[in-house]
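The primary structure of each chain is shown beneath.
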Number of protein chains: 2
Amino acid sequence: MASDGGGEEVSNKRVIFRDFVTGFPKESDMHVTSGTIKLKVPEGSNAVLLKNLYLSCDPSMRGRMSSFTEGRYIGSYIPGLPINGYGVAKVLDSGHPNFKKGDLVWGRIDWEEYSLNPAPEALFKIQHTDVPLSYYTGILGMPGMTAYAGFYEICSPKKGENVFISAASGAVGQLVGQFAKLLGCYVVGSAGSKDKVDLLKEKFGFDEAFNYNEEPDLAAVLKRYFPEGIDIYFENVGGKMLDAVLLNMRVHCRIAACGMISQYNLEKHAGVHNLANVILRQARIEGFLAPSYFHKHPQLLELVLPYIREGKITYVEDITEGIESGPSALVGLFRGRNFGKQVVVVARE
Amino acid sequence: MASDGGGEEVSNKRVIFRDFVTGFPKESDMHVTSGTIKLKVPEGSNAVLLKNLYLSCDPSMRGRMSSFTEGRYIGSYIPGLPINGYGVAKVLDSGHPNFKKGDLVWGRIDWEEYSLNPAPEALFKIQHTDVPLSYYTGILGMPGMTAYAGFYEICSPKKGENVFISAASGAVGQLVGQFAKLLGCYVVGSAGSKDKVDLLKEKFGFDEAFNYNEEPDLAAVLKRYFPEGIDIYFENVGGKMLDAVLLNMRVHCRIAACGMISQYNLEKHAGVHNLANVILRQARIEGFLAPSYFHKHPQLLELVLPYIREGKITYVEDITEGIESGPSALVGLFRGRNFGKQVVVVARE
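Note that the structure is predicted; figures quoted are calculated from it, not measured. (Residues numbered from 1 in each chain as written. Chains lettered and ligands numbered in written order. Predicted model: local features only at pLDDT ≥ 70, side-chain atom pairs only at ≥ 80, totals over all residues. Heavy atoms only, no water.)

Colleague: Can you explain the overall build of chain A? Please cite residues and give values.
Modeller: Along its length, chain A carries 8 helices and 15 strands. Computed over the C-alpha atoms, the radius of gyration of chain A is 21 Å, within 12% of the 20 Å expected from 2.2 N^0.38 for a compact globule of 349 residues. Projected onto its principal axes, the C-alpha positions of chain A cover 70 × 45 × 35 Å. Of the contacts formed within chain A by residues at least 6 apart in sequence, a portion of 69% connects residues at least 24 apart. For chain A, the computed accessible surface area is about 13900 Å², with 50% contributed by carbon and sulfur atoms. The averaged location of the 39 negative side-chain charges in chain A is 3 Å from the averaged location of its 37 positive side-chain charges. (Helix = DSSP H or I, 4+ residues; strand = E, 2+ residues; numbered from the N terminus. Rg over C-alpha atoms; globule rule 2.2 N^0.38 Å. Contact = heavy atoms within 4.5 Å. Areas by Shrake-Rupley, 256 points an atom, 1.4 Å probe, with all protein chains shown as cover. Lys, Arg positive; Asp, Glu negative; His and termini not counted. Charge placed at Lys NZ, Arg CZ, Asp CG, Glu CD.)

Structure representation (structure tokens):
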């Protein structure tokens, strides 16, 4: 409950966005400042006061670092203010009837240690705490919804189909691959290092995996792994990989366009040359955004929580400690330095 | 009925495919020869003997002139043999129980005056002859099915939506535009000459139309005609036009990928750079082939025949006379020389 004024004042580190970015983001595009915050919601306010625990580094954050906002579903970051993204937080104080002290939530939060959130209706309350809390930045949060919507809703997968996933060891890809294996599909993934390839095969049970950095002819490697063609492509990278997939589609191939991370830091996106094959193969490329499917979050939990508890799905996180490590972690994501889902721990409870 | 041997022997002109083509096809890639044929089905055969009436020039015939067949749903033409395509013919003699002398059919036929067709099951019998027979190469044939499937089945159009059609005065485009107008959509088309633009607006009732040859900035012209964005794009051309559409999509835009005629004669297809917008706009690009929808031909007739009879749909054909004009007509299609659906008349009955 909001009390009448007062409340402890504490220091509050924040990751401030310096200015709009072209090309690859650098750590110096952000800086960490320290201010103070009162751990109380102002009298009469509907806000909640959050202690932020886990911050999620997501590819879509790159777009928000550019000044160009037209066509985007969410605005650019504002120079001089903290960046924001998905995260997990604990309610320290609440002026909102739906939230009380001690509640755990996930949703969009600012990159700072503590936040006064004036619109907590947009946050999801966390009900299940027998799994790692950080999972709500990944398998149980936005990336989980992305994998769920892209695979089940967009691709309508069937047992025995041939599934290819790019950026397959990332926050979304690792999950799509495991969904596909649990359904009885043949699953191949691409990633950017030998360690990641080993992870795909040994930890996530992919049938095959390859390091795209070591393959000069992507179309040929896909032909080798998919002699009969690809039924489902879960697209996370764009550019050359997409072009190679377009040459290796089975009839009625479905491409869930989730992300094109290889393109986000280019001034002009690479040309894709083989789109006419979409006609010949009667294929479908469909873009989607996880927030449009957030109303299905209960279905995600219903599907995934038992798998996690029974050890049928594993989820690999790359966790860095301290909000000061945030800029480096986020920048590393665009260089492929993360090994699994990139998470920044601000505090553990 | 097949009789015991005999039958008049007549001369039979044929359009022979000379050799595989790279780049734009030329008239000299084909040549017209004259042989003879007996106007009788051989004893004991299931074949039909056809007198060919109307031949259809379709963009998809370009692919069959290349040697590369992988990924295509139908094989290349064979050097030394006649090319083939959709057409209308009359049965002169039949060894098949489903066909009798005098029946009119449409389907795939060889480019020659008379054909012995050994697999007439693949032909469609023509039941309605109160409309021009040539329409069975267009509005009532394969292009009609293409427009029907692409617009209604792939795009799920709704009244009031914003529809853009490229190559809009062609065999398929003119029909999609009229379907969209009848449904109450806002419809804009692009074409390659002032005359075609006038045709779109004055004959087919498009709300707006433009000549792409006079527009250096296609994205800007689309933005002008679609300030709120495009809901449905009926894609016939590919390349730059597709890239411009990708910058002007409304959320949940659907792109029916029907053809990419601007690309068919290029050695390497142009790069498409704006595909990432498919994600941001949650859009869908879906390729399709009319033959997969031929089982719905009765629905096309049920929809379109009344419109034709009531004058609510018009269909413009560019008709050339004589099988000798075939190569020139076909080559002209790839230069955009046709004005409406390109048809070659071999004989009128």
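Colleague: Pulling in residues and values, what's your account of the environment of A:Asn236?
Modeller: All names here are of chain A. Within the secondary structure, Asn-236 is located in the loop between β11 (230–235) and α5 (240–246). Distance from Asn-236 to Pro-59, taken between C-alpha atoms, is 9.5 Å for residues 177 residues apart in sequence. Contacts of Asn-236, omitting those with residues within four sequence positions, involve Ile-165, Ser-166, Ala-167, Gly-173, Cys-258, Gly-259, Met-260 and Ile-261. Looking at Asn-236, its side chain comes within polar contact range of the main-chain oxygen of Ser-166, at 2.8 Å. (Polar contact = N/O pair within 3.5 Å; in protein donor to acceptor, adjacent residues only side chain to side chain.)

Colleague: Describe the domain arrangement of chain A, listing the residues and the values that go with them.
Modeller: Residue and element names in this part refer to chain A. Per the domain assignment, the segments of chain A are domain 1 (9–137 + 316–345) and domain 2 (142–291). The straight-line distance from the C-alpha centre of domain 1 to that of domain 2 is 29 Å. If you look at the interface, domain 1 gives 19 residues, while domain 2 gives 16 residues. Applying the counting rule to domain 1 against domain 2 returns 0 salt bridges. Taken together, the residues of the side of domain 1 that touches domain 2 sort by class into 10 nonpolar, 6 polar and 3 charged. (Domains from an automatic or database assignment. Salt bridge = Lys/Arg side-chain N within 4 Å of Asp/Glu carboxyl O. Nonpolar A, V, L, I, M, F, W, Y, C, P; charged D, E, K, R; others polar.)

Colleague: Which residues make up the pairing of strand β14 (residues 317–321) of chain B, and what values do they have?
Modeller: Residue and element names in this part refer to chain B. Here β14 pairs with strand β15 (residues 341–345) via 5 bridges, running parallel. For Glu-321, the partnering residue across the bridge sits in β15 and is Val-345. Each parallel crossover has a hand, and the one from β14 via helix α8 (residues 326–334) to β15 is right-handed. (Pairing = 2+ DSSP bridges. Right-handed = clockwise from strand over helix to strand, strands pointing away.)

Colleague: How would you sum up the relation of the copies chain A and chain B? Please name residues and give values.
Modeller: Superposing chain A onto chain B takes a rotation of 180 degrees plus a shift of 0.0 Å along the axis, which leaves an RMSD of 0.0 Å. Here the symmetry operator amounts to a two-fold rotation axis. Of the C-alpha atoms belonging to chain A, the one lying closest to the rotation axis is found on A:Gly271, 1.9 Å away. A shared binding surface is used by both copies, with 100% of the interface residues of chain A retained as interface residues in chain B. (Least-squares fit on C-alpha atoms with pLDDT ≥ 70 in both.)

Colleague: Tell me about the interface of chain A and chain B, and please be specific about residues and values.
Modeller: Accessible area lost upon the coming together of the parts serves often as the stated size of an interface. Contact with chain A, which involves 32 residues of that partner, is made by 32 residues of chain B. Taking both sides of the interface into account, the surface hidden between chain A and chain B amounts to around 2700 Å²; carbon and sulfur atoms contribute 62%. Where chain A touches chain B, the interface holds 0 salt bridges. At the surface where chain A touches chain B, the tally comes to 10 residue pairs in polar contact (both at pLDDT 80 or more). When residues of the side of chain A that touches chain B are traced back to their parent elements, those giving at least two are α6 (277–280) and β13 (284–287) of chain A. Take the side of chain A that touches chain B: its biggest share by element is 4 residues, from β13(A). Of the residues belonging to the side of chain A that touches chain B, the class tally is 17 nonpolar, 8 polar and 7 charged. (Buried area = accessible area lost by both parts, 1.4 Å probe.)

Colleague: How would you sum up the pattern of salt bridges? Please name residues and give values.
Modeller: Residues and elements named next belong to chain A. Summed over all chains, the structure comprises 36 salt bridges over all chains. Among the salt bridges present, the one from Lys-100 reaches Asp-103, with a minimum N-O distance of 3.2 Å. For the salt bridge of Asp-198 with Lys-194, the shortest nitrogen-to-oxygen distance reads 2.9 Å. Residue Asp-198 and its partner Lys-194 are located together in helix α3 (residues 194–203), separated by 4 residues, close to a single helical turn. For Asp-198, a relative accessible area of 21% puts it in the partly exposed group. Assessed through its relative accessible area of 56%, Lys-194 is described here as exposed. (Buried < 20%, exposed > 50% of the residue type's maximum accessible area, 1.4 Å probe, protein only.)

Colleague: If you had to explain the layout of surface pockets to someone new, which residues and values would you point to?
Modeller: To locate leftover empty space, one rolls a probe as large as a water molecule over the atoms. Residue and element names in this part refer to chain A. The calculated volume of the second largest pocket comes to roughly 320 Å³. Forming the boundary of the second largest pocket are 18 residues, of which Arg-108, Ile-109, Asn-117, Ala-122 and Leu-123 lie nearest the centre. The set of elements that each furnish at least two residues to the lining of the second largest pocket consists of β4 (84–94), β5 (104–110) and β6 (114–117). Looking at the lining of the second largest pocket element by element, the count peaks at 4 residues for β5. Taken together, the residues that form the lining of the second largest pocket break down as 11 nonpolar, 4 polar and 3 charged. (1 Å grid on protein atoms, 1.4 Å probe; cavity = no way out; pocket = protein on both sides within 12 Å on 5 of 7 lines; lining within 4 Å. Points joined across faces, edges and corners; volume = space filled by probe spheres on them.)

Colleague: Tell me about empty space enclosed by the protein, residues and numbers included.
Modeller: All names here are of chain B. Counting across every chain of the model gives 4 cavities of 30 Å³ or more. In this model, the largest cavity occupies a volume close to 70 Å³. By residue number, the principal contributor to the lining of the largest cavity is strand β4 (residues 84–94), which donates 3 residues. Classifying every residue of the lining of the largest cavity gives 6 nonpolar, 3 polar and 3 charged.

Colleague: Lay out the side chain of A:Asn12 with the relevant residues and their values.
Modeller: All names here are of chain A. By the secondary structure assignment, Asn-12 is in strand β1 (residues 9–17). A polar atom in the side chain of Asn-12 sits 3.0 Å from the backbone nitrogen of Glu-113. Side-chain polar atoms of Asn-12 contact the backbone nitrogen of Tyr-114, separated by 2.8 Å. Sequence-distant contacts of Asn-12, that is, excluding residues within four places in its chain, are made with Thr-33, Ser-34, Gly-35, Thr-36, Ile-37, Glu-112, Glu-113 and Tyr-114.

Colleague: Describe in detail the sheet that holds strand β10 (residues 208–211) of chain B, supporting the description with residues and values.
Modeller: Where strands meet in a sheet, backbone hydrogen bonds hold them as pairs that are either parallel or antiparallel. The strand order β10(A)-β9(A)-β8(A)-β11(A)-β12(A)-β13(A)-β13(B)-β12(B)-β11(B)-β8(B)-β9(B)-β10(B) describes an open sheet built from 12 strands, whose pairing is mixed. Either end of the sheet is taken by a strand with one partner, and the two such strands are β10 (208–211) of chain A together with β10 of chain B. Each adjacent strand pair in this sheet contributes to an overall mean axis angle of 15 degrees, direction not counted. Across 5 bridges, strand β11 (residues 230–235) of chain B lies against strand β12 (residues 249–257) of chain B in parallel orientation. Within the sheet, the bridge partner assigned to B:Phe234 lies in β12(B) and is B:Ala256. Strands β8 (162–165), β11, β12 (249–257) and β13 of chain A of the sheet are contacted by helix α1 (residues 142–155) of chain A, whose axis makes an angle of about 150 degrees with β11(A). The strands that helix α4 (residues 218–225) of chain A touches are β8, β9 (186–191), β10 and β11 of chain A; relative to β10(A), the one it contacts most, it runs at about 165 degrees. (Axes fitted to C-alpha atoms, helices over the stretch in contact; angles between N-to-C directions.)

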